[in-house]
Amino acid sequence: MSCELLTLDCLVHVFSYLEAPDLLRAARVNQAWNEAAGTTSLWRRLCLDRWTFCNISNLTPGMQTWKQYYLHRSKLEHEMASGRPSADYKCCPMRGHKGKIVGMAYLSDNEHVFGGGKLRSVVCTASTDGTIRAWQVQEGTQIWSSPSQEVPFIKVITVPEYKLAISTDARGTIKVWHGESGEELAAFSTSSSSSTLVTYSVNNKPFLTAATAGGVIYTLEVPNLNQVSCITAFQNSSIDLLLCSPDEQWLVAGSTENADTSSKIFYTDCLINPADESPASGSLPVNNCDVGCWLPKAPARIAVMHQDHMSVQRNITVFDLAVKKSKYKMEVLAQQVASFTLPGRTWTTPILMKGHGTETILLGCGSNLELYSIFGTQLEAFQHHNNTITSIWVDAFRVITSSLDLSLRVYTWKKVNKISSLTSRYYLLGGTHRWSRGFMDVACDNISIVGVVAESDGTRS
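Residues numbered from 1 in each chain as written. Predicted model: local features only at pLDDT ≥ 70, side-chain atom pairs only at ≥ 80, totals over all residues. Heavy atoms only, no water.

A. Broad picture of the overall build of the chain. Of the regular secondary structure elements, the chain holds seven helices and 31 strands. Within the span of the chain, comprising 461 residues, buried residues form 51% of the whole. For the chain, the share of sequence-separated contacts (at least 6 apart) that also reach a separation of at least 24 residues comes to 45%. (Helix = DSSP H or I, 4+ residues; strand = E, 2+ residues; numbered from the N terminus. Buried < 20%, exposed > 50% of the residue type's maximum accessible area, 1.4 Å probe, protein only. Contact = heavy atoms within 4.5 Å.)

Shown next as C-alpha cells:
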C-alpha cells in the first residue's frame, strides 16, 4: 500500500516508533505527514520518556505545545553539554557572608522554563553569620539580606513555585522568608537543637515537615507555619535521614544513633489530615540505614544503604512502597525489589548516594564516582577528581560533582541498549588552594551552575 493512502491514524501509529530527529524529517515530506508528525501525543511521549518532570505552562505564551517544549529543552541541554569552560561560562563570585555558608538552594524556577526573554537565576544562601541572602547568579550581586539573627543558621531550603525560603537554626527555630523581598513571614519553634526539613504539596497546597534531634516530626502549613500534626517517630533519637518521595506521597525518616532502629515510613496524607489514632506508618525491614535516595522515575521506590552489626561490608537494598487500604485500616507496605553488597573495601569517608531513572544508583566514594544497577552490577566508575567528592547534583539530563580539589565535573546522561550511562563533558575550576579548601556543595538549573567554596576565612558561592 502506498504511504499516500495511509490514514492519519495509521501514520501516527507508524510515527510512534520514531525518535525526534526522524519525526522532524518526516514532517518535511508532505502536508499529511507534517500533520501526523506534529501530533501532540507523539511529542508528549517523547518528553515524558526523556524527562521526569515536564510543565509546558512555563513556555512563552503562544509556544505552549509539547513539540515546542521538547525542541526548546533539548536545544538548551545541547548547549550546556557542549559548553566550553573558558568561553561559555562566566565565573561570578558572590561575596557578602561573614561566616560559613551552611545551605544553598535555587529560588528561581528556571529548571523547567523555556523560551522567552533573558532568564535570570536566583539562589538563596544561609550562613553561620546569622543571615539569609538572595543572589542574582549571572551578575553575582546580592538582591537582599535578612537582618542578622542571634542564633546561627544550619539549613535553608526553598519553594521556588511560591517564591519562599525556609530556614532552621541551631535552636530548632524554623522561619519562612519572602523570596523576593527577604521579609520574615512566619516562625515556629521545635525546641530542638536541630531540624531536618522537607517540603511537598498536596492538592496544590504546600506543607513542611520538620524532623528534630529529639525524634519528633512536625508537619506545618506553608507559609504561615501553623502546626498540622506532631508525632514521635523515635524515642530520644535524632532524626538525621528525612526523604520525601517524588510523588510526594511518602516520607522516610531514619536515625543512625541506634543501630537496632529501622527507618520509618509515613503516608503524607495521614500527616496532613491527622486522625485520633496514630498516622499510618510502617518500617523498612533493615536496620542501621545511614543514607538513602529515591529512584525518581519510579514514584515510590527507595534505595537505602545499611550495614550489618558484625560486618564491615555495606549493603544497598531497594524497596517499592505501597499502601493497602481496607474498610477499617490502612497498612503501609515495603516490598523488596533488589539487594546487593558493595565490593569489599575500607570506607574512610561518608558515601554520597543519588538515584536516576528506575534502576540506576550513583555513589560518591572518596574521589570516585560509581554507577550501579539496583541489582548490583557496576555500570561505570570515574576517577576524575583528585580529592574527596563533597556533593553530587543529579537531574534527568546531567550529573555534576563537586570536590575538595576545587573542581566541578559535568557529565551528561545517555542510554546504551536501554542502560543508563554517563559521558564526561568538561570541568570547571573554582580558584586556588592558597585561598580555598575546596568545593563543598553544588546545584544547577538550566542556565547556571552554583558551587559553594570553603575558604580559609569563611565560605563563598
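B. Representation of the sheet that holds strand 16 (residues 281-287). The sheet built from four strands is open, its strands ordered 13-14-15-16 with antiparallel pairing. At either margin of the open sheet sits one strand with a lone partner, and together these are strand 13 (241-244) and strand 16. Across this sheet, the average inter-strand angle for adjacent strands is 20°, counted without regard to direction. Across four bridges, the pairing between strand 15 (residues 262-267) and strand 16 is antiparallel. Its bridge partner lying in strand 16, Phe266 is registered against Ser281. (Pairing = 2+ DSSP bridges. Axes fitted to C-alpha atoms, helices over the stretch in contact; angles between N-to-C directions.)

C. Expanded view of the sheet that holds strand 27 (residues 407-416). The four strands lie next to each other as 25-26-27-28, forming an open sheet whose pairing is antiparallel. Edge positions in the sheet fall to strand 25 (389-394) and strand 28 (419-429), since each has one partner strand and no second. Across the sheet, the mean angle separating the axes of adjacent strands is 20° when strand polarity is ignored. Looking at chain direction, strand 25 and strand 26 (residues 398-403) are connected through five bridges and run antiparallel. When the sheet's bridge partners are listed, Ser391 is paired in strand 26 with Ser402.

D. Spatial organisation of unusual backbone geometry. Residue Pro223 is bonded to the preceding Val222 through a cis peptide linkage, with omega at 15°. One can find Pro223 in the loop between strand 11 (216-221) and strand 12 (227-232). Look at Asn288: it is not a glycine, yet its phi comes out positive at around 60°. Positionally, Asn288 belongs in the loop between strand 16 and strand 17 (289-294). Even without being glycine, Leu406 reaches a positive phi, approximately 70°. Mapped onto the elements of the fold, Leu406 is located in the loop between strand 26 and strand 27. Of the residues examined, Leu406 reaches a relative accessible area of 2% and is grouped as buried.

E. Representation of the side chain of Thr131 in the model. Looking at the element boundaries, Thr131 is found in the loop between strand 2 (122-127) and strand 3 (132-136). Look at Thr131 and you get buried, because its relative accessible area is 5%. Within the structure, the side chain of Thr131 is placed 3.2 Å from the side chain of His97, a separation counted as a polar contact. Once residues within four sequence positions are removed from consideration, Thr131 is found in contact with His97, Thr125, Ala126, Ser145, Ser146, Ser148 and Phe153. (Polar contact = N/O pair within 3.5 Å; in protein donor to acceptor, adjacent residues only side chain to side chain.)

F. A look at the pattern of salt bridges. What the rule picks out here adds up to seven salt bridges. Lys205 serves as the salt-bridge partner of Glu221, at 3.5 Å between the closest nitrogen and oxygen. Taken together, the positions of Glu221 in strand 11 and Lys205 in strand 10 (residues 205-212) put the pair 16 residues apart, joining distant regions of the chain. For Lys205, a relative accessible area of 39% puts it in the partly exposed group. Residues Arg398 and Asp395 are paired through a salt bridge, measuring 2.4 Å at the closest nitrogen-oxygen approach. On the basis of relative accessible area, Asp395 is assigned to the buried category, the value being 12%. (Salt bridge = Lys/Arg side-chain N within 4 Å of Asp/Glu carboxyl O.)

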